[in-house]
Amino acid sequence: MMQNVRNGLLFLVALVVAFFVARAVVQVRNLKEQNARMEDRIRQLEMLASVGQDTLSARYVPFQVEGEKRRVSEPGGDSAPVTRKKADSRKEAVDSASSVPYIPITQKKKDDYPKQEKFQEPTRVELNTADTTLLKKIPGIGSTTALNIIRYRDQLGGFYSPLQLGEKLKWEKAQEMLPEWVSQWMAADPGQIRKLNVNHSDFKTLVHHPYLNYEQVKALFNYRRNWGNLSSIQALKQLEEFSEDDIQRLRFYLEF
């Protein structure tokens, strides 16, 4: 009985070994065939490269070029007139184009762009409602400055004074022009400001305001949790995180 089991196992092992050997032989044979095909392809490419002519364009029927023909020998017959091949015409077109100076069509001179119209006399522009087109009419304000004003207005919710621009426009020219802008060209209506409700706004909304930092918002939420809703701006005086200057400017932006 044991002898039969042993013989059966040996036969099974032999079958498994034979299977893997046969599989390896097939794989080796396939690999050799692939290598042979690849070598043939490489020889063909080398032969094409050594010919030195456009073998692809030679397969196409030549097209007719008016006024110019030449003769080629046809197999088994006399020479017959045929037109030049497309490659000849294409080469002439390239040569002709190369003699023309390249001028980018998108290139424009500075004078081609219309100049931005500016106010000729002092005009008060309301910062909380003006768009970039109106802001750029103020002398000294270009596209970049106008865009920065709009972005800072969106972050704040609006301006209560044109002097707030000094907090955002830090570059030297803007700082030099700011007194003139404030005195002659700009105005800010606090009634246009978009306010935040301290007792109903979430943490993320409050902390994104430029006049509130993380510690201040955290103090506001601790107050709400321990004492309930804040009743007025004066409640901030009970929190050490808020200075008097903080309270004075936040009174335009917070509601209770």
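Above this text is the structure in question.
As the structure is a computational prediction, the values presented were derived from the model and not from experiment. (Residues numbered from 1 in each chain as written. Predicted model: local features only at pLDDT ≥ 70, side-chain atom pairs only at ≥ 80, totals over all residues. Heavy atoms only, no water.)

*Asks:* Is there a simple way to think about the nonpolar core in this case?
*Replies:* Buried together is how nonpolar side chains tend to be arranged in soluble globular proteins. Judged by nonpolar contacts, the single largest core of 42 residues is most densely connected at L135, W181, M186 and L236. Among the elements of the structure, α4 (143-156), α5 (172-185), α7 (214-227) and α8 (244-250) are those that each provide at least two residues to this core. Every residue in contact with L236, bar those within four places of it in the chain, is listed here: L220, L230, F242, I247, L250 and L254. (Core = buried A, V, L, I, M, F, W, Y, C linked by side-chain atoms within 4.5 Å. Buried < 20%, exposed > 50% of the residue type's maximum accessible area, 1.4 Å probe, protein only. Helix = DSSP H or I, 4+ residues; strand = E, 2+ residues; numbered from the N terminus. Contact = heavy atoms within 4.5 Å.)

*Asks:* How should I be thinking about the packing of aromatic side chains in this particular structure?
*Replies:* Think of a pair of aromatic rings as described by two things: how far the centres are apart, and how the planes are tilted against each other in angle. Scanning all chains against the criterion turns up 7 aromatic pairs. A centroid spacing of 6.4 Å and a plane angle of 15° characterise the contact between F119 and W185, whose relative ring orientation is stacked. A residue pair is termed long-range when its members are at least 10 positions apart, and F119 in the loop between α2 (86-98) and β3 (125-126) and W185 in helix α5 qualify at 66 residues. Note on W185: relative accessible area 4%, which makes it buried. Aromatic pair Y160 and F252: ring centres 4.1 Å apart, planes at 10°, arrangement stacked. With Y160 in the loop between α4 and α5 and F252 in the loop between α8 and β6 (254-255), this pair connects stretches of sequence that are 92 residues apart. (Phe/Tyr/Trp six-rings, centres within 6.5 Å; stacked < 30°, edge-to-face > 60°.)

*Asks:* Can you help me understand α7 in this one?
*Replies:* Side chains that are three or four residues apart share a direction in an α-helix, a result of its 3.6 residues per turn. With 14 residues, α7 extends 20 Å from end C-alpha to end C-alpha; this agrees with the ideal 20 Å at 1.5 Å per step. Of all the positions in α7, only Q216, V217, A219, L220 and Y223 are classed as buried. Down the axis of α7, the buried set is contained in an arc of 155°. They therefore lie on one face. Facing away from the buried side of α7 by more than 90 degrees, the exposed set consists of R225 and N226. Of the surrounding elements, those touching the buried residues of α7 are α6 (203-207) and α8. One side-chain oxygen of the residue at the start of α7 lies 3.2 Å from the amide nitrogen of E215, identifying that residue as N213. Backbone geometry just downstream of α7 places G228 in the positive-phi region, at approximately 95°. (Expected span 1.5 Å × (residues − 1). Arc of directions from axis to C-beta. Polar contact = N/O pair within 3.5 Å; in protein donor to acceptor, adjacent residues only side chain to side chain.)

*Asks:* How should a nonpolar patch on the surface be read in this particular structure?
*Replies:* Residues F11, L12, L15, V16, F19 and F20 make up a contiguous nonpolar surface patch of about 630 Å² in total accessible area. Tracing the chain through its elements places L12 in helix α1 (residues 2-51). (Patch = residues over 30% accessible without salt bridge, like charges linked within 9 Å, V, L, I, M, F, W, Y side chains within 5 Å. Areas by Shrake-Rupley, 256 points an atom, 1.4 Å probe, with all protein chains shown as cover. Salt bridge = Lys/Arg side-chain N within 4 Å of Asp/Glu carboxyl O.)

*Asks:* I tried to follow the side chain of H209 on my own but got confused; where do I start?
*Replies:* Counting through the fold element by element, H209 comes out in the loop between α6 and α7. One polar contact links the side chain of H209 to the main-chain carbonyl oxygen of L156, over a distance of 2.9 Å. Side-chain polar atoms of H209 contact the backbone nitrogen of Y211, separated by 3.1 Å. In contact with H209, other than residues within four places in its own chain, are Q155, L156, L196 and Y253.

None of this, on its own, says anything about what the molecule does.
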